[in-house]
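Structure at a glance
Here are the chains, one letter per residue:
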Amino acid sequence: MKTGLLKIAVATVVFLLFMSCSSMLHAGDETSHASAVGVDTLWVLIAAFLVFFMQAGFGMVEAGFIRAKNTCNILTKNFLDFCMASIGFFMFGYAIMFGAGNGFIGLKGWFLIGAESGADVPISAFWLFQAAFCGAAATIVAGGMAERMKFSAYLIYSFLISAFIYPVIGHWIWGGGWLAKLNFTDFAGSTVVHAVGGFAALVGTILLKPRIGKFKQDGSPNAIAGHNIPLASLGVFILWFGWFGFNPGSTLSVGDGNLIARIAINTNLAAAAGGIAAMITVWRMFGKPDLSMAMNGALAGLVAITAPCAFVEPWAAVLIGVVGGVLVIAGVVLLDRFGVDDPVGAVPVHGLNGIWGTLALGLFGQKTLGLANNGLFYGGGFTQFLIQGLGVCSVILFVILSMGLIFKIIDITIGLRVSRDEELKGLDIGEHGMESYSGFQIFLTE
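Reading the values: the criteria
- Residues numbered from 1 in each chain as written.
- Predicted model: local features only at pLDDT ≥ 70, side-chain atom pairs only at ≥ 80, totals over all residues.
- Heavy atoms only, no water.
- Helix = DSSP H or I, 4+ residues; strand = E, 2+ residues; numbered from the N terminus.
- Buried < 20%, exposed > 50% of the residue type's maximum accessible area, 1.4 Å probe, protein only.
- Contact = heavy atoms within 4.5 Å.
- Salt bridge = Lys/Arg side-chain N within 4 Å of Asp/Glu carboxyl O.
- Expected span 1.5 Å × (residues − 1).
- Disulfide = S-S within 2.5 Å.
- Core = buried A, V, L, I, M, F, W, Y, C linked by side-chain atoms within 4.5 Å.
- Patch = residues over 30% accessible without salt bridge, like charges linked within 9 Å, V, L, I, M, F, W, Y side chains within 5 Å.
- Areas by Shrake-Rupley, 256 points an atom, 1.4 Å probe, with all protein chains shown as cover.

**Considerations on the overall build of the protein**
Looking only at helices and strands, one finds 14 helices and 0 strands in the protein. Starting at the N terminus and walking to the C terminus, you meet the elements of the protein as α-α-α-α-α-α-α-α-α-α-α-α-α-α. Across its three principal axes, the protein shows a C-alpha extent of roughly 115 × 45 × 40 Å. Burial statistics for the protein: of 446 residues in total, 53% are counted as buried. Of all intrachain contacts in the protein linking residues separated by at least 6 positions in sequence, the fraction that spans at least 24 positions is 76%.

Given below as structure tokens:
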């Protein structure tokens, strides 16, 4: 009898110990998962803050590359870009981009009501990161249409591209849309952000027509120098710094750190190679190592590496950056030849290199690094390259048609361009009634 009771007691103790250990292990797993989510959330938020800081970089670059009389105007546009992008992306953009729907558009999550996160982090963190990207796409256009676009027209454009145009393309590629299903890949936005902004800028600057005095009667270009190269240099350094949030942050998780580190080194190498290649190219073509062109070359390298940054080796990142640096110079020359006035080089930097970076993934990408198919130079044939080509061409076509329609409607209703007198005096005075450099303003009358 006593022996039986002792056995029961021992069995009960063993069972309770087993259950206690199981509970502790389960609690440990939950704690470990919660800690991992916390670290990932912190990483995504830091990356979002870095991408947000890029707005300052865009503002400084664009302000430095234009004339003093329009500095307040371009900075106001950059400032309001993020305001408009935040509200537009909150109201409609996120739902269109990441909401459940079809292959073309999301249809759930308006005003974030019932919306879900697209990563293993809280939706608030994921939304902020994506909103910062949205703002970056919108602000690219400010530079291409600088020094002659009405401020009121720009505000309307900024809201519409942030709330509707950019999110539709984002849904195709990052929201599970039709291009995602084809294995089209754009890791951090060469197409989604930069090609969208670059080609929207191209459509806008063509419709606006060139600035007064940009082209001579025979069609040859006049160089309209920027007023503050040190300011533009500061902007480029800020953008370069911010890109370490833009590209590595797109992992949306920390993991063991290897992927983040590879993306970071690729990002840096492409920028450096782009800057050197652009400087050498412009030096050979025009006889002087132009700093503004070298800086745009670094930005071109950054744009180009944005799509393939996670899927290529460092040597390929250098080559991608070199091509980007040469391409930006060729793009500037080509625009001048066709009479297109892009004051800061938004189209060559973001548009052309957005295409190049997207296609480069189909050449240098590796399946072992997470790509669906090997690139051409790794034995994968043209499969991924053709998918990339189809995707970027589809996006460009959509941007040209949709933004062409938006800009045309704005032009018909309230007008896109300021008057001749306002343009000559400067948009700071005409649009805002203030000076960027009080007491040092220079007015032109012809």
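Additional details are given in the paragraphs that follow.
**Brief notes about the pattern of salt bridges**
Enumeration according to the criterion identifies 4 salt bridges in this entry. The closest approach of N and O atoms between E423 and R417, which form a salt bridge, is 2.8 Å. With a relative accessible area of 3%, E423 lands in the buried category.

**Describing helix α12 (residues 383-413)**
Between the first and last C-alpha of α12 there are 45 Å, a value that for 31 residues agrees with the 45 Å anticipated at 1.5 Å per step. G415 lies just past α12 and shows a positive phi near 90°.

**Focus on the state of the cysteines**
Counted according to the given criterion, the structure contains 0 disulfides. Looking at the unpaired C83, the closest cysteine sulfur is the one in C134, lying at 13 Å.

**Quick look at the nonpolar core**
Counting 118 residues, the largest nonpolar core has F89, M149, Y157, Y166, F246, M403 and F407 as the members making the most contacts within it. Residue contributions to this core peak at 14 residues, all from helix α3 (residues 123-144). Those residues within four positions of F407 in sequence are excluded, and the remaining contacts are V141, M145, M149, Y157, A200, V203, G204, L207 and L416.

**Things to note about a nonpolar patch on the surface**
Taken together, the side chains of W315, V318, L319, V322, V323 and V326 make up a nonpolar region of the molecular surface, amounting to roughly 440 Å² of accessible area. In this structure, L319 sits in helix α10 (residues 314-337).

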